[in-house]
Structures are given as structure tokens and as C-alpha cells.
Amino acid sequence: MSAIRVSTARRGMGRFFAFFRGRAMDRELEAEMAAHLGMAIDENMERGMTAVEARRQALLRFGGVDQAKNRHREARGLMSLEILMQDLKYTVRTLFRDPGFTIVAVLILGLGIGANVAVFSVVNTLMLRPLPFANAQELVWIAPPPTKCGLSCATYSTDAYDEFRVGTRSYQDVTGYFAFSSSGNLALKKGDVPIAATSIDVIANFFDVLGVQPAMGRLFRAEDGRNGASPVIVLTDAWWRRQFNADKGIIGKSFDMNGQQTTVIGVLPPNFDFGAVFSPGAKVDAITPLNLYGPPRDWGNIITFIGRMKPGVTLAQARWEAAAVAPRMCWNNKYPDSCGQYKDAVVPVPLKEWVSGRLRNALSLLWGAVGMIMLIACVNLSNLLLARAAARSKEFAMRGALGASRGRIVRQLLTESLILSGGGAVVGLMLASLMLWWLAHQGAIALPLLNTLRIDGAALGWTVLIAVGAALLFGIVPGLRMAGGSLFETLKNSGAGSGQSRKQERVRSVLVVVEVALACMLLVGAGLLLRSFLHVLNVDLGFQADRAAAVKVEYDDSAKTEEASEAKRANQFQQILARVGAIPGVEAVGMTDYLPLTGNRAWGTPFPKGVKRPDKLPTGPLVYVVTPGYLRAMGTGLRGRDFTWADGPKSQPVVMINKAYANFLANYAHWPNNDAAGQLLTANGGADLRVVGVADDVHEENTEGEAGWQIYYPATQASPSGAQLVVRTTLPPATLASSVMRTLRDLNPNQPNAEFRPIKRLVEHANSGRQFFMMLVGAFAGLGLLLAALGIYGLISYSVTRRTQEIGIRMALGASGRRVLVDVMGGTMRLAVWGIALGTATSLALTRIIQSMLFETPPWDVSTYVAVVFVLFVAAAVSGYIPAFRASRLDAMVALRTD
Amino acid sequence: MSPEKLDLLQGTLDLMVLQTLAVMGSMHGYGIARRIEQVSADEVLLNQGTIYASLVRLEQRGWIDSSWGVSGNNRKAKFYSITEAGKRKLAVDAAYWGRLTGVMDRVLGMDTDAGKEPA
């Protein structure tokens, strides 16, 4: 056994080295053969032959010097490698001789491969690669199944957290973060003007559970989150660089943050991006510890859960255990009747699934789209190569006659394909890296993990795979056709006008039809997504996003009693609204603590007074604490009255609710005209709330779903969690940014230089994922259309060239140029019709795939199909018209004289 | 060339070369070719040139060694000699060849009525 292996290995090595020593071995062989012939001649002459005869006989007995050399080479070396080198040299030479063809081919392939590699990288990042944490497969996101009541129903209380953490055994540890942080919640005071930043409060073991190591300093310890702990903060790499000039000595330094001296204890590594994983499209600058045992104790549902399962624990076990512990978890241990409300609402799912699971459909679609692009590119290349092969058929016939085997010629053609696709791969990789670089720097797209996009080993492997696959795909048809034809036939035929090339044109027609069909499918997909996007833009969000902007306002309502605090706050808000409202160009102003499409929370379910609550009530409306004028500033319609400054701490508690919630309540109450305005509700705590107005439904969580329930409390009666000043302007909002900021700083020198955010941007952010996919599919469809048009153009112009003589004869016999034009166009349109029919039929058969991505658009949307058919016809007509026009202008005499 | 000459079967030339070297000791390519021609009494169709493919094959497998030397009539030539491994290989192949020719002889020597049961 081993002896055989050794000798095999030795032979392999010998052959391998022989390849590199080829020339030396050839020289040695020549010397050897010369000696051989010399000896033979000597011997022959000894026998009495003349010198000439002796030499003749010696050569005869030797039998073909070149043949012997070839056999020698074959025996000693990796023949295929040598042939490959020969083929490569030959191919490079031929390709350089025809730069037009080469450039077009490499570009087409580059576009196809580039699109494929870019999309593969996105898919790889979002779906295939594990999350950027150690042993990420152990991490689970623990949350209730989706509900209508927003974040408050997707989070847990601190008491529930403790119970879950202590009560379960499947987890190494469980952590979480405060889900209600709003952007700009951190005011860093380094100079005169505080700087607004965003920080997230996490449970102290957050980084331990995720397995994140600091780049500098340390991360949190349990004591950082206890009562009385001195304030500490961990900076993200990006913020450390931007705000602190990448100060290497920052650890241990203290800064005034939100009025507290806060010590920087660590800097996170560059690859940790909180927003990219947990809150796509959001920028998080720093992480702070959450004090579980301080005031948050009584804030209700505020924490999201993230668990790390013990090795060997299956998801099913973790699920089962979570379901078993859930009934023991209490919303607040002080209220025993709040225990058990998390029943069936504690479900672990793999963190990865939570982060990117909902994108699976969209990504598959995208992958399908680039696959089609690649097919179209291959078909195009096939077509180009066929046309070229036709022109080169004599060359190959000649080579065949000179002794090249058929296999050798096919191999030569495949080498050519491989070189072309190799060039395409290089161009494609460059295009893909550009595209990925651009995507990775689109912080505003609400898709997770985009920041980690890059060309990695897997993407390189994919590139090679596609390039080779494509080369085989587009090289095989022309290769077989070339090598399949009989030598004699080819040499005899003049190529053009022969039966062979007519057959070949039929193959090419089929290819073009396929191409048009693929382009048609892509266009249908892009069209449907575009329609959906337009429908989404047309959704009545319940507010007017144009000409409104919001800025986070700092205020100080610290006071001994709640009442005093409310009065202090009301006073400040009133001043701010009065001053900002007086700025010329400002149409309306108001404040809220949460803007639509950002954060939200719920405070139980106020119910019509005097009506018995049903046992099972859905969790209540999302709560917005607002000032008078807010609804007008947002452009939300209102029936009844708005809050006034007279709705103070001492007057009757008032609320406004939205139509959807009012309709729900009207099912239970017997209100005149089912009108909630003016009616009394009872809050969960028992207090009476007067409904003063009914507001339009606002899309508060997304732009596509149904609007949920909302309730508005006056900021003079309820405590807001922050304040967003909304300004509606007659001018573009940006023009007022500086005067608004000056006014705010005038009133409160501690007002940070917060961002002036157009409301429109919130909407754009909410739509960015859909827009992203639509743009990509649209771009791919455009590319597909272009390639298909090129294919049509190539085929028709080839066919016109081939039929030059025929057309010449027909024109000499009296056919008009118009007649020829109509004929050629007829042929073009026939191709288009077949392609469109095939493409439309396939699209209709595949509606299922795209259905889930559509919004208020049926997958057989007639106007989309009509538009696509129209576009394809126009494209076909344009690409066919150029050669057709040329044909119609042929001079019969010139045409007849051509070969 | 006379049409009656035998075409060499694949691999037989290698065996002939090995045997020649085993018997004659160190030889150059021309000598080997001539020797085979003489022994076979010019019955095989041997293009002498093909011997070199065989030699390089045998050398790469480690069955023969080569070195440059000077021939009897003062020509620089490459001399080949069989190695120990080559001798073992020769023994194995010769035995195999012997068995094969024996079988071939018997099969081809069958009488036309040998298959019939004796009456």
C-alpha cells in the first residue's frame, strides 16, 4: 500500500517538476535523439550505405522526430497544464486582436458577476454568517409574539426579569436593555454648548452575555448598575473617534453628561454596533448601565430580554422552560394580581432569526433577480460567442485539418470563455466592492448589519464559482456547435447564407427569446415593487410629514412635589411654544414625548366609565404626552377640542384618543352617536379621564400596517419622558433650524445642539428598507432590459449582415427600402412577442414568490404588466430599428458584390 | 515497412526495456532499441523514437536510472540502468505476462470441437 502511494507521489512530483523543467528536458531529449541518430548513421555506414542513404534509413527507423518529442512530453508531464498554457497564450492573443468584442464581453460579465457578488455578500451578511458575537448561535431574543400595542407589549418589567433569570436553567445568563431610549437622550457638556448624543441603558451583564470584549478599559460590572454607583459610560468606537479625537488616555476621564460627572470606563471595539443589530438605522453613541433596583423598578415593561443558552440546550428546551416560568413572572411584585400576565408571552427565538428573519423573502427575491441577470448575461455572451464562432469557423476547420482534435478545439473555446469570465470576475469584484462600500456607509437604511458588509472569503469563493459556472454555461453551446460541425462542410461553405448558419441563427433566436423573457420577469418584479412603494408613499399616515421638523428639547422640571414639577414644566413649555411660535415662518408648534415611527409605550387600557371591563382586554393604546398645539403642528386632524394650558394639575384630567380606539370603546359603551368626544373613561388606576377630542389615526409603528390605538395626555397633567418640539413651517424647515435653536438656547443655556429632524425623514427611514429593495430590483431590471436589448440588436444586425446578398437581390428585383425595413422589424417583433409571452406566463406562474413583498398591489396587477410589455416592445423596436434601417439603405449593387 | 510486423501492445515496450536493461546492464537508448529489434528478429514494428517516451516513463516511476556517458564510438549518450525497484517490477510483470501468454495459448489452442462432451 504505502509503496504504491510513495511511487504515485513520486511520479506526481516528477511530472510536476517536469512541467517547470520542460525546456531543459526538451533540450536533453534533443541531445539524446541526436546521439541516437548519429549512432544509427554510423552503424548504417559501417554496413556500407552512403552517407545520405544511412541518414535516410536512420530517420525512417526512428519514425518522426516531432512525434517522438510529443510522446515524450506526454509521458513525462502534466500535458493538460502545458496545453492550457498554450491555449491561454493563444486566447489572450486572439482576444487582444478583437478588443471591441473583449471589452463588451468582459463588461457584460462584470455587471452580472458584480451584481451577484454584491447580493451574495448582503445575503451572506444577513442570513448566512453568524451575528458578530462569540458563539452567536447560543443567543436568543426573548419576547412575546407580535402584538398591536407596540414596545410596551414587547418588553418586560424588572421584576419579571429577576424571576426569569432566577427561575430558568437553560441559560448561561440573561440580559437586556432599556427599550425606550430616544435618540439624543444624552447631553454631553464639554464646552458652552451641550452636545446631543444617544445612549442605551443596558443591564450590567449585557456585554458578558453577548461576549463582547472592550477595545480599551473595561465594560460593566454588576456594581455599576446598583443604587449609589458612580455614573459610568462606555463609548462606541465611532463616537470615541468623532467626539473625543480617539483619545487613547480617555479611560478614567470624567465628563458632564446630563448634568452628572460621568466616568468613561471603556471603549467598545469597532465591530460592535448596537444599532446595526438591535435597532437598524439608528446611531448609538454610548452605552450606560441600567439600574434595575432604582426607579426603573416601577416603570413597568421596559426591558427586552436576550439570553445565552447553555451549550447543548436546544431551542425547544429553552422554549418549553420559558413557557413554564412565564406564569410565575410578575409585572410588579407589589401587585400580586399582576403575576401571570406574561403567560404565553415569553418566547425565545434565535437572535439571528429576530434580527434578519423577516428579510428572508426579500433577500431570496433579490437573489433570484441577480440570478436572472447572470442568466441574461450568459445568454448574451453565448450569443456573442456564437456570432464570433461563426466568423471563426474557418479558422477552426483549418486547425482541425492541421491535426487538432475536436476535444482540443472545444477546450480552446472553453479556455476562451474562462478567460472572459475571469476578466468579468475581476471587473465584477471591483463593482461589488464599490457597491458594498456604498451600502455599508448608508447608515440611514433600516436594515440590520449593513455596517459589516464586505467582500470576504465566502464572497470570493462565490465569485469564482459564478465565473466558472458562467464560463461553462455560455461557452458550452458555441463550443459544441463549433466542434460539432463537419470540417469538410465548414471549409466548403462560405459561412454566410449556408444551411449551417441558418441553423445557428435559430439557436441564437431561441437564446434572445429567453433573454427577453428573463428581462420581462425582472421588469414585472420591479414594476410590482415600484407600485407597492408608490402605494406605501400614498398611505395616509395621519400626519403631514412635509414642512414639519422636530428637535429634542431640554427642560428642567425637578421640584419637591409632583404638582410643583408639573407647574414648572408647564411654565417652561408654554414659554418655549410662545417664543418659537413667534418666529416668522413658523405656522404651528407643539410638543410630544414620542414622535410617530420612533418609540412608544402603553399605560394600560382606559375604559368607558361605568361599563364593566371584559375579562380579556387587549393591551391598551400607545401613550403620547403632548402640549396644546401638538396635533396641529403634526397636521393630525381632530374632532372636539385640543388641550389648553387651562387643563392643569388641578383641573379635570383630560385625554384625546384616536378614532380606532374610540370605535373600539364605542362597542362597549352606549354613547350618543357612538361619539367618544366629551365622554368619561376610567383609567386602570381608577381615575376619571374626560375625552375632549377624537384624533385621526396615526401610523405610529410602521407606514404599511394598520394604524393602532393612541391616547394623548396633556403634558401639564402627565409626566412626559422627554420633549420633542414639533415645528410646522411655511418655509422649508431647515431654513428655520438656526433661529429655532437660538431661541431654545436663549430660554435654556443647557439646551444641547440637538439635530433638527425633518418629520419626512422619519417616514423615509420607515420606508427605507422597502425603498432599498425596490431600487435594487429596479436597477437589476434596468440592467436586464439593457442586456436583452443588446442581445436583440446583436442578433438582428448579424442576421442583416448575413443576408446582405439576399436583401441586395430583393432590392434589385424591386423591393423598396421600406419593404425591407418592415421585414426586418417584423422578425425583431416576432422575437419580442415570443419573449414577452414566455416572460409574462412565467411571471404569472411565479406570483407566489413576490406576493409577500407587495403592498396593496396584486401580483397580477394589470397596469404593471401593460407597462412592462410596452417598455419591452419599445426596447425591442429601438434595438431592431438600427440594423433594419441599415438594411433598408443598402445599395443593391454594393450588396451583391459583397462576399 | 512490411505489413506483417507486429504492433506493440500498450505497456509491452516498457517490459521489453526493463528486461533488456536487466540482462544487458547499462545501455543507451539506441542500444536498447537495436537490442529489442535484434531479439525480436525484426518482427515488431518499433519506431525507435518511441523508446524515449518509455524511458522517461520508467525513470519517473523510479524503475530505471540514467546518467550521461560516452558510447563505444565516442559519442556522448545517456545511459540507462535498472534499479532495485525496477527489478522487482520486472519480476512481477514478467510473471503476469507469463500467466497471460499461457492462458492465451490455451484459449487459442482450443480445438473447434473441444466444447463438446465426449461421446
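Residues numbered from 1 in each chain as written. Chains lettered and ligands numbered in written order. Predicted model: local features only at pLDDT ≥ 70, side-chain atom pairs only at ≥ 80, totals over all residues. Heavy atoms only, no water.

**Points about the environment of Ser170(A)**
Residues and elements named next belong to chain A.
Then step 1. Among the secondary structure elements, Ser170 is positioned in the loop between helix 7 (158-167) and strand 2 (171-178).
Then step 2. Separated by 703 residues in sequence, Ser170 and Phe873 have C-alpha atoms that sit 62 Å apart.
Then step 3. Ser170 has contacts with Arg308, Met309, Lys310, Val313, Gln317, Ala318 and Glu321, leaving out every residue within four places of it along the chain.
Then step 4. At 2.5 Å, the side chain of Ser170 forms a polar contact with the side chain of Glu321. (Helix = DSSP H or I, 4+ residues; strand = E, 2+ residues; numbered from the N terminus. Contact = heavy atoms within 4.5 Å. Polar contact = N/O pair within 3.5 Å; in protein donor to acceptor, adjacent residues only side chain to side chain.)

**So, the confidence of the model for chain A**
Then step 1. Scored by pLDDT, chain A comes out at a mean of 84, with 92% of its residues at no less than 70.
Then step 2. At the low end of the mean pLDDT range in chain A sits helix 16 (residues 487-492) of chain A, at 52; at the high end sits strand 7 (residues 232-235) of chain A, at 94. (pLDDT = per-residue confidence, 0-100.)

**Observations concerning the confidence of the model for chain B**
Residues and elements named next belong to chain B.
Then step 1. When pLDDT is averaged across chain B, the result is 82; 85% of the residues are at 70 or more.
Then step 2. Ranking the helices and strands of chain B by mean pLDDT puts strand 3 (residues 76-82) first, with 91, and helix 3 (residues 50-60) last, with 86.
Then step 3. In the model output, the complex is listed with pTM 0.72 alongside ipTM 0.84.

**Some details on the interface of chain B and chain A**
Interface extent is often summarised as the accessible area lost during association of the parts.
Then step 1. Across the contact, 29 residues belong to chain B and 28 residues belong to chain A.
Then step 2. Summed over both partners, the interface of chain B with chain A buries about 2,500 Å², with 54% contributed by carbon and sulfur atoms.
Then step 3. Contact with chain A buries area across many residues of chain B, yet Tyr30(B), Tyr52(B) and Gln60(B) alone supply 29% of it, more than any other trio.
Then step 4. Linking chain B to chain A there are four salt bridges.
Then step 5. A salt bridge links Glu43(A) to Arg34(B); its shortest N-O distance comes to 3.1 Å.
Then step 6. Our count for the contact surface shared by chain B and chain A stands at twelve residue pairs in polar contact (both at pLDDT 80 or more).
Then step 7. Residue assignment for the side of chain B that touches chain A shows that the elements contributing at least two residues are helix 2 (29-39), helix 3 and strand 3 of chain B.
Then step 8. Considering every element that reaches the side of chain B that touches chain A, the biggest residue donor is helix 3 of chain B, with seven residues.
Then step 9. Residues belonging to the side of chain B that touches chain A are distributed by class as follows: ten nonpolar, ten polar and nine charged. (Buried area = accessible area lost by both parts, 1.4 Å probe. Salt bridge = Lys/Arg side-chain N within 4 Å of Asp/Glu carboxyl O. Nonpolar A, V, L, I, M, F, W, Y, C, P; charged D, E, K, R; others polar.)

**Here we look at unusual backbone geometry**
Backbone phi values are negative for most residues with the exception of glycine, while trans is the configuration of most peptide bonds.
Residues and elements named next belong to chain A.
Then step 1. The backbone of Arg547 shows a phi angle near 55 degrees, a positive value even though the residue is not glycine.
Then step 2. Relative to the helices and strands, Arg547 resides in the loop between helix 17 (499-538) and strand 13 (548-553).
Then step 3. Using a relative accessible area of 38% as the deciding quantity, one classes Arg547 as partly exposed.
Then step 4. A positive phi angle is found at Leu597, which is not glycine, with a value near 65 degrees.
Then step 5. Position of Leu597 among the secondary structure elements: in the loop between strand 14 (586-592) and strand 15 (607-608). (Buried < 20%, exposed > 50% of the residue type's maximum accessible area, 1.4 Å probe, protein only.)

**Considering the sheet that holds strand 2 (residues 64-70) of chain B**
Residues and elements named next belong to chain B.
Then step 1. Ordered by their spatial adjacency, three strands build an open sheet running 1-3-2, and the pairing between neighbours is antiparallel. One side of each edge strand has no neighbouring strand; the edge strands of this open sheet are strand 1 (27-28) and strand 2.
Then step 2. By the bridge criterion, seven bridges tie strand 2 to strand 3 in an arrangement that is antiparallel. The partner of Ser67 across the bridge, within strand 3, is Phe79. (Pairing = 2+ DSSP bridges.)

**Examining the state of the cysteines**
Residue and element names in this part refer to chain A.
Then step 1. All told, the structure shown has one disulfide over all chains when counted by the stated rule.
Then step 2. The partner cysteine of Cys330 in its disulfide is Cys339, sulfur to sulfur 1.9 Å. Where Cys330 bonds to Cys339 through sulfur, the torsion about that S-S bond is close to 95 degrees, and the disulfide is right-handed.
Then step 3. With a relative accessible area of 33%, Cys339 lands in the partly exposed category.
Then step 4. With no disulfide partner, Cys378 has as its closest neighbouring cysteine sulfur the one in Cys520, 20 Å distant.
Then step 5. Judged by relative accessible area, Cys378 falls into the buried class, the value being 4%. (Disulfide = S-S within 2.5 Å.)

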